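# Survey of secondary and tertiary structure
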Amino acid sequence: MKVLVVGGGGREHAIVRKLKENSRVTELYCLPGNGGIARDAVCVPVSATDLEGILAFAKAHQIDYAVVAPDDPLALGAVDLLEEAGIPCFGPRKNAAVIEASKVFAKDLMKRYGIPTARYESFDRLDAALAYLRTAPLPVVVKADGLALGKGVIIAQTRPEAEEALRSMMEGKRFGKSGERVVIEEYLEGPEISVLSFTDGTTIVPMISSMDHKRAWDGDLGPNTGGMGTVAPNPFYTPAVAARCMEEIFLPTVRAMAAEGRPFRGCLYFGLMLTKDGPKVIEYNCRFGDPETQVVLPLLKSDLLTVMQAVTEGRLADCPVDFSADSAACVILASKGYPGSYEKGYPITIPADLEAEVYIAGAKEQDGQLVTSGGRVLGVTAVAPTLSEALERAYAAADRIEFQNAYCRRDIGRRALAAKEG
Ligand code: AMP
Ligand code: GLY
């Protein structure tokens, strides 16, 4: 089978590695991939948002199955285009990807179907948004409607700060069209839980839960990033919480999307906050999370391609999806300065005998040598019977990888460990 993965980060590297385990996969391509993925799949420099380029490649190489991983091509309709050309795909169509691509859509959907989330109002006019802000309780959360590379959320402690966020989104067009509409919502508190799920539009199977670490610095301080590390499972996701999420959030969301004529097939990601009133949805993503995937897929015991095809063909109810009872930890090695400006082009040395998986995110091959090319350079994932062992092994491996200006958080998993002991 000829399989194509669209995307080029650490998440795609983890997907590629897992797909490779299936012996039916004879040719594996990644568009555009990166210098590290190139060691596991044939990478071709076609941008993940070049839909015509992707389609042309898929046709020319007679691709049998495609996995579209990032949000942008999904929101642009990559799956629609490939499916119309007769190429089966993993990923939602454009009309379902809107669950991530428009926060106003997602919030209105939750309101209509009684799915627990932060209270909110949405605005497409600055004067109305500013008027509402005058009475909103603090802190207050301001979100750009559209995709903004994970940077479209401002948690404002003061009204001037919130006003500045609104102005930069709606007047300054800081996020282009994405910020023309905004959501202003209630600030929620509690531990965050990520749950990725497989769904074929009817059946939903949650994967093992995980915890992201979004802030750049130790102690959850500093600017928001794409994610500095993850652990799985998430200790706050107890069987009781899981049951409640299934009944109040997961099933209602899948049914709501089907009822709206937007059946969701693919990986539906629930960003949850466990508040004192129970679990609430912070955000939906229409795809695998990054770096959640780097801890979730290493724990998947079932064959990924088999599960993905069951999703595509609407057979998920008959497809077993099993996870290991182990724990996994992923530590991201970033370029110092990320998510702000940073230097790149530094050679990376990875020992051959690491007891961990290394997923490359921001590196390219230059004269036979891997060199840094992005903010998040790579993720180091270790799997072990307990979370503390997994963390120990991930850090031990990360500390043996070298490149100039490498930076990582030293406290990944600390909150999860404390919760387990507490
Ligand atoms: P998002 O881009 O929607 O994932 O938001 C980024 C981060 O902002 C989330 O992971 C939360 O930590 C935080 N956040 C988003 N919405 C809220 C909210 N209503 N209350 C508190 N924190 C929030
Ligand atoms: N780790 C969060 C995300 O993928 O959006």
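Residues numbered from 1 in each chain as written. Chains lettered and ligands numbered in written order. Predicted model: local features only at pLDDT ≥ 70, side-chain atom pairs only at ≥ 80, totals over all residues. Heavy atoms only, no water.

## Here we look at the packing of helix 1 (residues 10-20) against helix 11 (residues 304-312)
- Put simply, helix 1 and helix 11 touch, their axes get as near as 7 Å, and they point 100° apart. The orientation of helix 1 relative to helix 11 falls into the category roughly perpendicular. Listed contacts from helix 11 to Ile15, Lys18 and Leu19 of helix 1 are Leu304, Leu305 and Met308.
- Grouping the constituent residues of the contact of helix 1 with helix 11 by class yields five nonpolar, no polar and one charged. (Axes fitted to C-alpha atoms, helices over the stretch in contact; angles between N-to-C directions. Helix = DSSP H or I, 4+ residues; strand = E, 2+ residues; numbered from the N terminus. Parallel < 35°, antiparallel > 145°, perpendicular 65-115°, else oblique. Contact = heavy atoms within 4.5 Å. Nonpolar A, V, L, I, M, F, W, Y, C, P; charged D, E, K, R; others polar.)

## Overview of the environment of Asp399
- Within the element layout of this structure, Asp399 appears in the loop between helix 12 (387-398) and strand 23 (406-407).
- Among the residues examined, Asp399 registers a relative accessible area of 46% and is labelled partly exposed.
- Residues Asp399 and Val358, spaced 41 residues apart in sequence, show a C-alpha to C-alpha distance of 12 Å. (Buried < 20%, exposed > 50% of the residue type's maximum accessible area, 1.4 Å probe, protein only.)

## What to know about the sheet that holds strand 17 (residues 278-285)
- Within the open sheet, the four strands sit side by side as 11-10-16-17. Their pairing is antiparallel. Since the sheet does not close on itself, it has two edges, and those belong to strand 11 (204-206) and strand 17, each with one partner. Within this sheet the neighbouring strands show an average axis-to-axis angle of 35°, counted without direction.
- Note: strand 16 (residues 266-275) against strand 17, seven bridges, orientation antiparallel. (Pairing = 2+ DSSP bridges.)

## Some points on the environment of Asp411
- Position of Asp411 among the secondary structure elements: in the loop between strand 23 and helix 13 (414-421).
- Overall, Asp411 belongs to the buried group, its relative accessible area being 8%.
- Between the C-alpha atom of Asp411 and that of Val142, which follows or precedes it by 269 residues, the distance is 28 Å.
- Setting aside anything within four residues of it in sequence, one finds Asp411 in contact with His213, Asp218, Gly219, Asp220 and Tyr395.
- Looking at Asp411, its side chain comes within polar contact range of the main-chain nitrogen of Gly219, at 2.7 Å. (Polar contact = N/O pair within 3.5 Å; in protein donor to acceptor, adjacent residues only side chain to side chain.)

## Notes on the nonpolar core
- Core analysis: the largest hydrophobic core is formed by 79 residues, its most contacted members being Leu4, Leu82, Ile99, Phe250, Leu272, Tyr284 and Leu378.
- Apart from residues no more than four positions distant in its own chain, Ile99 is found in contact with Phe105, Ala106, Leu109, Thr253, Met257, Phe264, Leu268, Tyr284 and Cys286.
- One finds Phe90, Tyr269, Val295 and Met308 within the second-largest nonpolar core, a separate group that totals 41 residues. (Core = buried A, V, L, I, M, F, W, Y, C linked by side-chain atoms within 4.5 Å.)

## Some thoughts on the site of ligand 2
- Near ligand 2 the following residues occur: Asp212, Gly226, Tyr269, Asn285, Arg287, Gly289, Asp290 and Glu292.
- Within the side chain of Asp212, one N or O atom sits 2.9 Å away from a nitrogen atom of ligand 2.
- Glu292 is positioned with one of its side-chain polar atoms (N or O) 2.7 Å from a nitrogen atom of ligand 2.
- For ligand 2, the protein covers 89% of the area, taking 200 Å² as the surface of the free molecule.
- Among the residues making up the shell around ligand 2, the classes are represented as one nonpolar, three polar and four charged. (Near = heavy atom within 4 Å. Areas by Shrake-Rupley, 256 points an atom, 1.4 Å probe, with all protein chains shown as cover.)

## Here we look at the site of ligand 1
- Around ligand 1 lies a shell of 15 residues, among which Glu185, Glu186, Leu188, Glu192 and Glu283 are the nearest.
- Interatomic distance of 3.0 Å between a side-chain N/O atom of Lys143 and a nitrogen atom of ligand 1.
- One nitrogen or oxygen atom from the side chain of Glu185 is found 2.7 Å from a nitrogen atom belonging to ligand 1.
- Here ligand 1 has 480 Å² of accessible area as a free molecule, and 92% of this is covered by the chains.
- Of the residues belonging to the shell around ligand 1, the class tally is eight nonpolar, no polar and seven charged.

## A short note on unusual backbone geometry
- Cis geometry is adopted by the peptide bond preceding Pro233, which originates at Ala232 and carries an omega value of -5°.
- Mapping Pro233 onto the fold places it in the loop between strand 15 (229-232) and helix 9 (239-259).
- A cis amide bond links Asp290 to the next residue, Pro291, at an omega of 15°.
- Here Pro291 shows up in the loop between strand 17 and helix 10 (293-296).
- The residue Gln62 is not glycine, and still its phi comes out positive at about 45°.

## Focus: the pattern of salt bridges
- All told, the structure shown has 26 salt bridges when counted by the stated rule.
- The salt bridge partner of Glu12 is Arg11, with a shortest N-O separation of 3.1 Å. For the pair Glu12 and Arg11, a shared accessibility class is recorded, and that class is buried.
- A salt bridge links Asp40 to Arg17; the nearest nitrogen and oxygen atoms lie 3.0 Å apart. Linking Asp40 in the loop between strand 2 (27-32) and strand 3 (42-43) with Arg17 in helix 1, this pair joins segments that are 23 residues apart in sequence.
- One salt-bridge network, in which partners are shared between bridges, spans Arg17, Lys20, Asp40 and Glu357. (Salt bridge = Lys/Arg side-chain N within 4 Å of Asp/Glu carboxyl O.)

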